[in-house]
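A look at the structure
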Amino acid sequence: MRCSLRLLLFLWAIVAVPAFAQNFDLQRDGMPLAELKGQFRFHAGDDARWADPGFNDSNWSLLKSDQSWYDQGYKNYSGFGWYRFRVTVPAGQKNLAIFIPAMQDSYAIYANGRLIGHLGEFPPHSKLMYGSNLVFPIPPDAVPASRAIVFAVRVWRWPLWGMFPGAGFDASPVFGDAAAVGRWTDLQIHDRFWSSAGFEFLNVVNIAGLLLGFILFLVRPSEREYLWYGLAQTFWSLNSCAFIASHFVQVPTIPFYCCGLLGFFAGNFLNLILFHALLRQRRGLLFWVGGISILFPIVYLVAIFAGLTSFGNFDQAYGLCLVPYTIAIALLMYRAARRGNREAWILFAPFTISTVLIIWSEAAYVFSLERFPAVSALDHFLRNMITWPIRVGTDMSVGTACNLAICLVLILRFARSRRDEERLSAELEAARVVQHVLIPDELPTVPGYLIESVYKPAGQVGGDFFQIIALEHGGALIVIGDVSGKGMPAAMTVSLLVGTFRTLAHYTQSPAEILAAMNTRMLARSQGGFTTCLVLRLDADGALTAANAGHIAPYMDGREIEVVNGLPLGLVPGAEYAETITSLSAGSHLTLLTDGVIEARNPRGELFGFDRARELSTHSAEQVAKAAQLFGQEDDITVLSVNLAPAAVLSA
């Protein structure tokens, strides 16, 4: 008898479960709100009749309401699927609503055959949307006198995503009083906010990083590492925003999915460029290994949307691509650190930890290591290492540490650049003082000659110089030259040459001997630079002796004086210089200038040139210099003009 009773109960259970598993009775439970956690009827395919409350679904499969159909025997299935379940409403309840946590991809929900809401659109005009925490009110006239509501949910899974988990319901809906459902929804949104707070915090860090990068780049546009960092953080922010937005608002699935992937891969690739610029490394094997690895998934994704392949193992493929990329990054930093780059050591520790975590994660995924309890426990610990004040996994913690390490390096570099800039500014100011001392403010009086000089610096401290020394027996020694380079080194070279010239003038008035001695002095101090120089001796009777070391030849009365051109100073030991002898007649006009006149350039890129200089050489020094300056000054401009005046003018 007892065995027969047990058998009868067992048979009743077998019959009762299919008959009532999809029925939820709020009236019996006396609850204003209920989570519909249990079993729903499910059938693959599509038929408009399945929305009818009177349709017999007893032969449909039973699926758990809190797991996707992918996880319950319909793996890799895409297309349409229908859920059906029945809810009995307590008497007296009028304002009812159903809460849908999330569902993929497009769906429409029917209450007793009446469409009460949908997300996305179905083929042939499909539009994939993703939305979570959605509430659909139940029209009062959709509730019959029996207080029973049959819900039918039509779901369409995009075929390209059929192999991914998450199709259909993956969390149970909630049904009941509309006000209670609204409060429940607020709690779910609040919970979702705090559960994704780690991403939100990381996004704040990313946005702060992009602002820092672009601000530093605006201050120092020549240092491209700030630009690369700002762009990388822009794409990382795009990745985070796409993820966060999908938790709180309805978003078009494909664009947001692509934005998330684009932000992830572009951010990683720009990081690779950033590290090569930041650590001053050439783009060798490590760059190309890392770059190809991180860009391959984008090519794969384009091929998928072009219909050349399917998603298949896309998740696994792009995860595996991270392994060679992160190894290349870690090796790049280690190589730079071994070569003495102290900034690389700051980056090496967090990025090495990140590499180890990525290798661990991919190995666990590929080899299904989570089936082992110890591995599963370790993975759970890593994902929940920080739970207060917000839940942050190890990957986010290490990612934030990596980001902060980059910010620290950029700030240190900016501070160092600023110090170097201030030091350079001080050196330039000192060089200007030196140059001001070396460029004579007042010219000596030379009987029989009218001498005019104009010096127009180009902003930086250049290497132009000239000196005029009146000779005891009449006439003058004149030197004009141009030192290669800028700043303090050029100013120091000028001071050396001017001092040498003034010293030599006490022992010899031969332009060739003076140039030879100046060349010897330059060889010991030039440090690879050189100087063009022209030395003239003007005698009281107008005789002119010139020796040239690679400088622009002088002009006399609108024509170039053909002087023998020797090598610039500081290039060859023992260089010899020939002297050219000519003479000035009363009223003759002699013009000396530096290459700042010849190399003046207008906005169209045209040079001032020798022809214009020759045509203007009969004008005063001030007119020649002004013409070159207005044309487009790019370098220091120095012009000397010498006139052998008529006796009547001199006596007056």
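Residues numbered from 1 in each chain as written. Predicted model: local features only at pLDDT ≥ 70, side-chain atom pairs only at ≥ 80, totals over all residues. Heavy atoms only, no water.

This next bit is on the overall build of the protein chain. Each helix and strand in the protein chain was counted, giving 17 helices and 25 strands. What you see for the protein chain is a C-alpha radius of gyration of 43 Å, clearly larger than the 26 Å of a compact globule of 652 residues, by over 25%. Residues counted as buried form 49% of the 652 residues belonging to the protein chain. Restricting to contacts in the protein chain with at least 6 residues of sequence separation, those with at least 24 account for 73%. Summing over all exposed atoms, the protein chain offers an accessible surface of approximately 31700 Å²; the carbon and sulfur share of this is 61%. One way to put it: in the protein chain the 48 positive side-chain charges average out to a point 14 Å from where the 53 negative ones average out. (Helix = DSSP H or I, 4+ residues; strand = E, 2+ residues; numbered from the N terminus. Rg over C-alpha atoms; globule rule 2.2 N^0.38 Å. Buried < 20%, exposed > 50% of the residue type's maximum accessible area, 1.4 Å probe, protein only. Contact = heavy atoms within 4.5 Å. Areas by Shrake-Rupley, 256 points an atom, 1.4 Å probe, with all protein chains shown as cover. Lys, Arg positive; Asp, Glu negative; His and termini not counted. Charge placed at Lys NZ, Arg CZ, Asp CG, Glu CD.)

What follows covers the side chain of Arg-41. With respect to the helices and strands, the residue Arg-41 is situated in strand 3 (residues 39–44). Here Arg-41 is buried and forms no salt bridge, its nearest opposite-charge partner Asp-57 lying at an N-O distance of 4.2 Å. Among the polar contacts made by the side chain of Arg-41, one reaches the main-chain carbonyl oxygen of Trp-60 at a distance of 3.0 Å. (Salt bridge = Lys/Arg side-chain N within 4 Å of Asp/Glu carboxyl O. Polar contact = N/O pair within 3.5 Å; in protein donor to acceptor, adjacent residues only side chain to side chain.)

Counted under the stated rule, the structure contains 32 aromatic pairs. Ring centres 5.9 Å apart and planes at 20 degrees place the aromatic pair Trp-82 and Tyr-110 in the stacked group. Taken together, the residues Trp-82 in strand 5 (residues 79–88) and Tyr-110 in strand 7 (residues 106–111) connect sequence positions 28 residues apart. Grouping residues by exposure puts Trp-82 and Tyr-110 together as buried. Ring geometry for Tyr-107 versus Phe-136: centroids 6.2 Å apart, planes at 85 degrees, classification edge-to-face. Here Phe-136 lies in strand 10 (residues 132–138) and Tyr-107 lies in strand 7, a separation of 29 residues in the sequence. Taken as a pair, Tyr-107 and Phe-136 share a single burial class, namely buried. (Phe/Tyr/Trp six-rings, centres within 6.5 Å; stacked < 30°, edge-to-face > 60°.)

Looking now at helix 6 (residues 253–278). Taking 1.5 Å per residue as the helical rise, helix 6 with its 26 residues ought to reach 38 Å, and the 36 Å between its terminal C-alpha atoms agrees with that figure. Downstream of helix 6 by a residue or two, Arg-280 has a phi angle that is positive, lying close to 55 degrees. (Expected span 1.5 Å × (residues − 1).)

Attention now moves to the nonpolar core. One broad rule of soluble globular proteins: the nonpolar side chains tend to lie buried together. Core analysis: the largest hydrophobic core is formed by 62 residues, its most contacted members being Phe-275, Phe-311, Leu-347, Phe-351 and Ile-406. With 11 residues, the single largest contributor to this core is helix 8 (residues 314–338). Formed by 34 residues, the second largest nonpolar core is a distinct cluster that contains Trp-69, Leu-96, Val-143 and Ile-149. (Core = buried A, V, L, I, M, F, W, Y, C linked by side-chain atoms within 4.5 Å.)

This paragraph deals with the pairing of strand 7. Counting buried positions along strand 7 gives 6 out of 6 residues, so the element sits mostly inside the fold. The two faces of strand 7 match: Ser-106, Ala-108 and Tyr-110 on one face and Tyr-107, Ile-109 and Ala-111 on the other face are all buried. Where strand 7 and strand 11 (residues 148–157) come together, 6 bridges link them in antiparallel fashion. Looking across to strand 11, one finds that Ser-106 is bridged to Trp-156. (Pairing = 2+ DSSP bridges.)

Among the surface-exposed residues, Ile-189, Phe-193, Trp-194, Phe-248 and Val-249 lie close enough to one another that they form a single nonpolar patch of about 430 Å² accessible area. For the nonpolar patch, the leading source of residues is helix 3 (residues 178–195), giving 3 residues. With respect to the helices and strands, the residue Phe-193 is situated in helix 3. (Patch = residues over 30% accessible without salt bridge, like charges linked within 9 Å, V, L, I, M, F, W, Y side chains within 5 Å.)

The antiparallel open sheet is built from 5 strands, whose spatial order is 15-25-24-20-21. The open sheet terminates on both sides in strands that have one partner only, identified here as strand 15 (449–456) and strand 21 (559–560). Of the pairings in the sheet, the one linking strand 20 (residues 555–556) to strand 21 comprises 2 bridges and is antiparallel in character. Across the sheet, Met-556 pairs through a bridge with Arg-559, a residue of strand 21. Against the sheet, helix 16 (residues 621–632) touches strand 15 and strand 25 (637–644), its axis set at about 20 degrees to strand 15. (Axes fitted to C-alpha atoms, helices over the stretch in contact; angles between N-to-C directions.)

This brings us to unusual backbone geometry. With an omega dihedral of 5 degrees, the bond running from Gln-104 to Asp-105 counts as a cis peptide bond. Following Pro-123, the chain continues into Pro-124 via a peptide bond in cis, with omega recorded as 10 degrees. If you trace the backbone, Pro-124 turns up in the loop between strand 8 (114–119) and strand 9 (129–130).

Turning to the state of the cysteines, a few remarks are in order. All told, the structure shown has 0 disulfides when counted by the stated rule. Free of any disulfide, Cys-258 has its nearest neighbouring cysteine sulfur in Cys-259, separated by 7.3 Å. Take Cys-321: it sits in no disulfide, and the sulfur closest to it among the cysteines is that of Cys-258, at 17 Å. Owing to a relative accessible area of 11%, Cys-321 belongs among the buried residues under this scheme. (Disulfide = S-S within 2.5 Å.)

Here the focus is the packing of helix 4 (residues 197–219) against helix 5 (residues 224–248). The geometry of helix 4 relative to helix 5 is characterised by a closest axis approach of 7 Å and an angle of 155 degrees between their N-to-C directions. Here helix 4 is positioned roughly antiparallel relative to helix 5, judged by the angle of their axes. Our pair here, helix 4 against helix 5, has a crossing hand that is left-handed. Its residues assigned to classes, the contact of helix 4 with helix 5 comprises 16 nonpolar, 9 polar and 2 charged. (Parallel < 35°, antiparallel > 145°, perpendicular 65-115°, else oblique. Left-handed = near helix turned anticlockwise from the far one by under 90°. Nonpolar A, V, L, I, M, F, W, Y, C, P; charged D, E, K, R; others polar.)

Our focus in this paragraph is the side chain of Ser-68. Residue placement: Ser-68 occurs in the loop between strand 4 (61–64) and strand 5. The class for Ser-68 is buried, based on a relative accessible area of 2%.

Let us now look at the confidence of the model for the protein chain. For the protein chain, per-residue confidence averages 85 on the pLDDT scale, and 91% of positions sit at 70 or higher. Note that residues 1–21 has pLDDT below 50 and, in this model, 9 contacts with residues that lie over four places away or in other chains. Overall, residues 648–652 carries pLDDT values under 50, and its contacts beyond four positions in sequence, including any with other chains, amount to 3 contacts. (pLDDT = per-residue confidence, 0-100.)

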